[in-house]
Amino acid sequence: MKSAFIQLAQGQLRFLDSQSDGPVIILLHGNSSAAAAFSEQFAEFGEHYRLLALDLPGHGQSSPMAAAQYSFAGFADTLIEFIEQLQLHDVVLVGHSLGGHAALEALPQLTSVRGLVLLGAPPFNSQLAAQVFHPEPTGGLVFQAGLDNQQVARLAAAFVSPNTATEHRQATLEHFIRVTDPLVRSALGASLSRGDFADELALLANSGVPALLVLGEDDAFINAKACAQPQVFATTPLQIALLSGCGHCPHIEVPQHCNDLINAFISTLYETSPCTLS
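The rules we used
Counting starts from 1 at the beginning of each chain's written sequence and moves along it residue by residue. Local features in this predicted model are restricted to residues whose pLDDT is 70 or higher, and side-chain atom pairs enter the listing and the counts only when it is 80 or higher, whereas totals over whole chains, interfaces and linings include all residues. Only hydrogens and water are set aside when side-chain values are computed; all heavy atoms of the structure are taken into account. Side-chain atoms within 4.5 Å link the members of a nonpolar core, which is a set of buried Ala, Val, Leu, Ile, Met, Phe, Trp, Tyr and Cys residues. Three labels apply to residues, based on accessible area from a 1.4 Å probe with only protein chains included: buried if under 20% of the type maximum, exposed if over 50%, partly exposed otherwise in between. For helices the rule is a DSSP run of H or I covering at least 4 residues; for strands it is a run of E covering at least 2, with both sets numbered from the N terminus onward. The contact criterion used is simple: two residues touch if any of their non-hydrogen atoms lie within 4.5 Å. One requirement defines pairing of two strands: DSSP has to find at least two bridges between them. In this description, one arc is meant: the one made by directions from the helix axis to the C-beta atoms. Counting of polar contacts relies on pairs of N or O atoms within 3.5 Å, with two restrictions inside protein: one atom must be capable of donating a hydrogen and the other of accepting it, and residues adjacent in sequence are counted only when both atoms are side-chain atoms. Each axis is a line fitted through C-alpha atoms, and for a helix only the stretch in contact is used; angles between axes span 0 to 180 degrees, taken between their N-to-C directions. A pairing counts as a salt bridge when a side-chain nitrogen of Lys or Arg comes within 4 Å of a carboxyl oxygen of Asp or Glu.

A.B. asks: Explain the nonpolar core residue by residue, including any values.
C.D. replies: Generally speaking, soluble globular proteins have nonpolar side chains that are buried together. Grouped together as the largest cluster of nonpolar side chains are 69 residues, with contacts concentrated most on Ile26, Leu79, Leu93, Leu116, Phe159 and Phe233. Counting residues per element, this core draws most heavily on helix H2 (residues 72–86), which supplies seven residues. Sequence-distant contacts of Ile26, defined by excluding residues within four places in its chain, comprise Leu52, Leu54, Leu79, Ile83, Leu88, Val91, Val92, Leu93 and Val94. Leu16, Leu27, Ala241 and Phe265 belong to the second largest nonpolar core, which has 25 residues in total.

Here it is, written out as structure tokens:
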């Protein structure tokens, strides 16, 4: 696995590259996370797919960008420019939370997306938001700029189910939060409060891109039961998988189960699965 940087309009973007010859899978992390959150996917898929995991602007080792650009659309622009600069074609997008919503907003400008995997990122619009999201469970910390140590710990704990919590996982999530530009949270929250988001259901339906939504049943942010109702996403090409005993981060909490779902989905996008998992 190689760590590299690329210069984009918003600044330097750091990404991880498995450098394999297989199909291209772009991994997009969530709010206050980092490319390293996909370590279990690199371990499982890195030799079979070309995995590219981005540190989104303001996260990990990537440069921050202007606060006004910390929005779904702003992060979508980053993804679009990254794909253009690396001249990538026939890609599968895997987006967690914020990363999933950025991928959805980028779809109208991407013509070579073979499939989309959304982890803890249900497509929504202004009418559906109250149905698919729980009231924010941390008292607003996920959209608060400055966080003290206690608040960092509370936010990290909210990202996972108590069933999957470990000291190592808690410490890793806390580290991701601490190295994130604090303005990411506050500016993103302000953007959403203004209604600066697209009708993601329409974007997905119009794209025709096959999609898989993976949700933890214990997700403190997402109402997984509501999302599982057939009528909610009936207008979209969306499959839904619910994982018991899992919170907001399936790729971190239950990586083997999550990886199996991703691989099975990708196998439907090709004549035969390009990756045989042990």
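Picking up where we left off.
A.B. asks: Residues and numbers for the pairing of strand E3 (residues 24–28), please.
C.D. replies: On any regular strand, side chains alternate: one points to one face of the sheet, the next to the other face. Counting buried positions along E3 gives five out of five residues, so the element sits mostly inside the fold. Here E3 shows two buried faces, one formed by Val24, Ile26 and Leu28 and the other by Ile25 and Leu27. Two elements, E3 and strand E4 (residues 50–54), share five bridges in a ladder whose sense is parallel. Bridged to Leu28 within E4 is Leu54. Here five bridges tie E3 to strand E5 (residues 91–96), and the two strands are oriented parallel to one another. Considered in E5, the bridge of Val24 is made with Val91.

A.B. asks: I'd love a proper account of helix H8 (residues 200–207), names of residues and values included.
C.D. replies: Taken together, the buried positions of H8 are Glu200, Leu201, Leu203 and Leu204. End-on, the buried residues of H8 take up no more than an arc of 165°, which puts them together on one face. Those residues of H8 hidden inside the fold are in contact with H2, helix H3 (98–106), strand E6 (113–119), strand E7 (211–216) and strand E8 (238–243). Two to three positions downstream of the cap, the backbone nitrogen of Leu201 sits 3.3 Å from a side-chain oxygen, assigning the N-cap of H8 to Asp199. Positive phi shows up at Gly208, right after H8, with a value of about 70°.

A.B. asks: Run through the sheet that holds strand E1 (residues 2–8), naming residues and quoting values.
C.D. replies: Reading across from one edge, E1-E2-E4-E3-E5-E6-E7-E8 is the order of the eight strands in this open sheet, with mixed pairing throughout. Among the strands making up the open sheet, the edge pair consists of E1 and E8. Strand-to-strand twist of the sheet, defined as the mean angle between neighbouring strand axes without regard to direction, takes the value 20°. The strands touched by H2 are E1, strand E2 (11–17), E3, E4 and E5; relative to E1, the strand with the most contacts, the crossing angle is about 105°. Against the sheet, H3 engages E3, E5 and E6, with an angle of about 140° to E5.

A.B. asks: Lay out helix H5 (residues 149–158) with the relevant residues and their values.
C.D. replies: Those residues of H5 not exposed but buried are Gln151, Val152, Leu155, Ala156 and Ala158. Seen from one end, H5 has its buried residues packed into an arc of 160°, which puts them on one side. Of the exposed residues in H5, those oriented more than 90 degrees away from the buried face are Asn149 and Gln150. Looking at the buried residues of H5, the elements they touch are helix H6 (167–178) and helix H7 (182–193). One side-chain oxygen of the residue at the start of H5 lies 3.1 Å from the amide nitrogen of Gln150, identifying that residue as Asp148.

A.B. asks: Can you break down the pattern of salt bridges residue by residue, with the values?
C.D. replies: Evaluated as defined, the whole model comprises five salt bridges. In this structure, Asp17 and Arg50 form a salt bridge, with 2.7 Å as the shortest nitrogen-oxygen distance. Of this pair, Asp17 sits in strand E2 while Arg50 sits in strand E4, and the two are 33 residues apart along the sequence. On the basis of relative accessibility, which here comes to 6%, the residue Asp17 falls in the buried class. Measuring nitrogen to oxygen at the nearest pair gives 3.3 Å for the salt bridge that ties Glu174 to Arg178. Linking Glu174 with Arg178, this pair stays in helix H6, spanning four residues, or about one helical turn. On the basis of relative accessibility, which here comes to 44%, the residue Arg178 falls in the partly exposed class.

Keep in mind these values describe shape, not function.
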